[in-house]
Amino acid sequence: MKRHDLILVGAGLANGLIALRLCKRHPNLDVRVIEAGPHAGGNHTWSFHQGDLDANQHAWVAPLVAHRWPGYEVRFPGVTRKLDSGYLSITSERFAEVLRRELGERLVTGTPVSQVSPQGVTLADGTELGATAVIDGRGPEKTPHLTVGFQSFVGQQWRLSAPHGLTRPIMMDATVDQQGGYRFVYSLPLDERTLLIEDTHYVDAADLEPSRARANIAAYAKRQGWLLETLEREEHGHLPITLDGDIDAFWQAARGQPASGLRAGLFHATTGYSLPQAVTLAEAIAEQTTFDAASLFDVIERFARRRWRQFGFFRMLNRMLFLAGAPDRRWQVMQRFYTLNDGLIERFYAGRPTLFDKARILSGKPPVPVREAIPAVLKQTPRLRAFKDE
């Protein structure tokens with residue numbers, strides 16, 4: 001059996017960042033990253049706000065950034081606003097390019113894995129690999145210990161036959177037909193004639209039909225006067241949005257298996273953005289001096305539990321968003337949020353609201369019926385359900 005110091009299963013965002021940081025801080029560590037797909041990163045676009053990372057984090061993540069803008073725009077039936085807060089995106093193409101250059105033979109692609117344990121990996125062809133530790137980063141796993149809604153989306157990258165006219169992203173355009181949940185269209189201007197357009201739904205179940213989303217994108221582009229010419233690529237996904245959970249049972253079920261990213265429950269509870277936590281976890285792991293499975297599991301579990309406590313307020317807001325009021329009126333919650341000050345909004349996305357921020361978010365006339373909001377806040381609603389196979 002061939003042995004390594006550390007095996008990272010899955011070359012997605014979290015494991016890719018861990019590998020990059022480890023190779024800089026511990027160049028003699030024998031690290032292998034095993035990816036089932038043809039290249040690292042899959043088919044994704046990861047975006048984040050300037051305030052999500054500190055200056056040192058921005059410095060080492062910078063080679064991965066493919067696009068950046070000085071701000072973004074939001075649109076609601078009663079509010080249209082431009083925010084001058086930096087916004088950045090990492091494409092899977094740039095991510096794969098950097099990982100291949102920096103990791104070299106440490107990155108192994110086109111290699112499916114059939115079994116993972118804290119100290120070993122079995123490949124689909126039966127080959128067994130041993131390691132001092134294995135980190136599983138293969139994406140979210142359904143569990144009865146988390147109660148979630150979903151941010152479901154289909155994104156299409158289009159080349160237009162004429163310039164689109166955008167100078168900054170439209171992060172949320174909720175002036176569209178809501179279709180049974182909080183729906184908005186997200187548009188990233190990649191150059192003057194290229195747009196990534198995502199049809200996004202905050203919904204109770206991960207059942208968004210791609211054909212419906214594609215039709216929505218075509219209708220939205222026509223409404224904006226954008227002349228779609230060539231479809232360059234398409235991405236889709238269902239990001240869990242946490243409403244409640246049993247964090248003790250979640251980590252007991254892990255049985256000592258180190259994990260990363262969505263598999264470790266590490267994402268912004270309300271937005272689903274995972275990059276800021278992935279960056280911080282990569283730094284925490286790279287700061288270690290021992291890399292056995294038990295030590296890494298302890299580091300990751302403690303890190304995730306701290307984030308769980310920090311996001312308690314967000315889970316409460318999520319319950320109000322998903323469980324109080326009519327699904328087609330959920331946009332009112334976000335419209336009210338975007339009437340608040342720039343600093344509060346930036347701290348909210350960074351997951352660091354102050355006590356005053358929390359009080360400000362909850363003060364004033366509630367955008368959902370009080371008689372429905374109170375049971376949602378107190379977790380007294382039969383619509384709460386676990387993230388597991390139905």
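These numbers come from a predicted model, not from an experiment.

What to know about the overall build of the protein chain
Piece 1. If you tally the helices and strands in the protein chain, you get twelve helices and 17 strands.
Piece 2. Taken against the 2.2 N^0.38 rule, which gives 21 Å for 390 residues, the C-alpha radius of gyration of the protein chain at 21 Å falls within 12% of a compact globule.
Piece 3. Counting only C-alpha atoms and orienting by the principal axes, one finds that the protein chain spans roughly 60 × 50 × 40 Å.
Piece 4. Sequence-distant contacts in the protein chain: of pairs separated by 6 or more residues, those separated by 24 or more amount to 77%.
Piece 5. As displayed, the protein chain offers around 16,600 Å² of accessible surface, 50% of which is attributable to carbon and sulfur atoms.

Quick look at unusual backbone geometry
Piece 1. In this model, Gln-179 sits at a positive phi of 60 degrees, which is unusual for a non-glycine residue.
Piece 2. Inspection of the secondary structure assignment puts Gln-179 in the loop between β13 (170-173) and β14 (182-191).
Piece 3. Residue Gln-179 is classed as partly exposed on the basis of its relative accessible area of 25%.
Piece 4. A positive phi angle is found at Arg-255, which is not glycine, with a value near 50 degrees.
Piece 5. Looking at where Arg-255 falls in the secondary structure, it is placed in the loop between α5 (247-253) and α6 (275-286).

Brief notes about helix α7 (residues 293-310)
Piece 1. For α7, which comprises 18 residues, the first-to-last C-alpha distance of 26 Å matches the rise-based estimate of 26 Å (1.5 Å per residue) to within 8%.
Piece 2. Within α7, the full set of buried residues consists of Ala-293, Leu-296, Phe-297, Val-299, Ile-300, Glu-301, Phe-303, Ala-304, Arg-307 and Trp-308.
Piece 3. A side-chain oxygen of the first residue of α7 lies 3.3 Å from the backbone nitrogen of Ala-294; this N-cap is Asp-292.

Structural notes on the packing of aromatic side chains
Piece 1. Per the stated rule, a full pass over the model turns up 18 aromatic pairs.
Piece 2. Here the aromatic rings of Tyr-182 and Tyr-202 are separated by 5.7 Å at their centres, their planes lie at 50 degrees, and the arrangement is tilted. Residue Tyr-182 is found in strand β14, and its partner Tyr-202 is found in strand β15 (residues 194-203); the two are separated by 20 residues along the sequence.
Piece 3. Judged by relative accessible area, which is 1%, Tyr-182 ranks as buried.
Piece 4. Ring centres of Phe-250 and Trp-251 lie 5.4 Å apart, and the angle between their planes is 80 degrees; this geometry places the pair in the edge-to-face category.
Piece 5. The exposure class assigned to Phe-250 is buried, which follows from its relative accessible area of 12%.
Piece 6. Since its relative accessible area comes to 4%, Trp-251 is described here as buried.
Piece 7. Three or more aromatic residues joined by ring pairs make a cluster, and in this case those are Phe-76, Phe-311, Phe-313, Phe-314, Phe-337, Tyr-338, Phe-348 and Tyr-349.

Brief notes about the sheet that holds strand β4 (residues 67-69)
Piece 1. Read across the open sheet, the three strands follow the order β3-β7-β4; overall the sheet is antiparallel. Of all strands in the sheet, those with a lone pairing partner are β3 (45-49) and β4, marking the two edges. Across the sheet, the mean angle separating the axes of adjacent strands is 15 degrees when strand polarity is ignored.
Piece 2. The pairing of β4 with strand β7 (residues 87-91) spans three bridges and is classified as antiparallel. Residue pairing across strands places His-67 opposite Ser-89, the latter belonging to β7.
Piece 3. Helix α3 (residues 92-103) rests against β3 and β7 of the sheet, and its axis sits at about 65 degrees to β7.

Examining the pattern of salt bridges
Side chains carrying opposite charge are able to pair once their charged atoms draw close together.
Piece 1. The full count for this structure, using the stated rule, is 22 salt bridges.
Piece 2. Ionic pairing is found between Arg-101 and Glu-102, a salt bridge with its closest N-O pair at 3.5 Å.
Piece 3. Here Glu-102 falls in the partly exposed class, since its relative accessible area comes to 33%.
Piece 4. Residue Glu-234 is joined to Arg-214 by a salt bridge in which the shortest nitrogen-to-oxygen separation is 2.8 Å. Here the residue Glu-234 occupies a position in strand β16 (residues 228-245), and Arg-214 occupies one in helix α4 (residues 210-224), the gap between them amounting to 20 residues.
Piece 5. Overall, the relative accessible area of 36% leaves Arg-214 in the partly exposed class.
Piece 6. A cluster of three or more residues bridged by salt bridges with shared partners is formed by Lys-24, Glu-97, Arg-101 and Glu-102.

Quick look at the nonpolar core
Piece 1. Grouped together as the largest cluster of nonpolar side chains are 57 residues, with contacts concentrated most on Leu-22, Val-61, Ile-90 and Ile-285.
Piece 2. The biggest single contributor to this core is helix α1 (residues 13-25), with eight residues.
Piece 3. Ile-90 has contacts with His-44, Thr-45, Trp-46, Phe-48, Val-61, Leu-64, Val-65, Ala-66, Phe-95 and Leu-275, leaving out every residue within four places of it along the chain.
Piece 4. Among the nonpolar cores identified, the runner-up in size contains 42 residues, and Leu-83, Leu-188, Phe-314 and Leu-344 belong to it.

Cut-off values and rules
Residues numbered from 1 in each chain as written. Predicted model: local features only at pLDDT ≥ 70, side-chain atom pairs only at ≥ 80, totals over all residues. Heavy atoms only, no water. Helix = DSSP H or I, 4+ residues; strand = E, 2+ residues; numbered from the N terminus. Rg over C-alpha atoms; globule rule 2.2 N^0.38 Å. Contact = heavy atoms within 4.5 Å. Areas by Shrake-Rupley, 256 points an atom, 1.4 Å probe, with all protein chains shown as cover. Buried < 20%, exposed > 50% of the residue type's maximum accessible area, 1.4 Å probe, protein only. Expected span 1.5 Å × (residues − 1). Polar contact = N/O pair within 3.5 Å; in protein donor to acceptor, adjacent residues only side chain to side chain. Phe/Tyr/Trp six-rings, centres within 6.5 Å; stacked < 30°, edge-to-face > 60°. Pairing = 2+ DSSP bridges. Axes fitted to C-alpha atoms, helices over the stretch in contact; angles between N-to-C directions. Salt bridge = Lys/Arg side-chain N within 4 Å of Asp/Glu carboxyl O. Core = buried A, V, L, I, M, F, W, Y, C linked by side-chain atoms within 4.5 Å.

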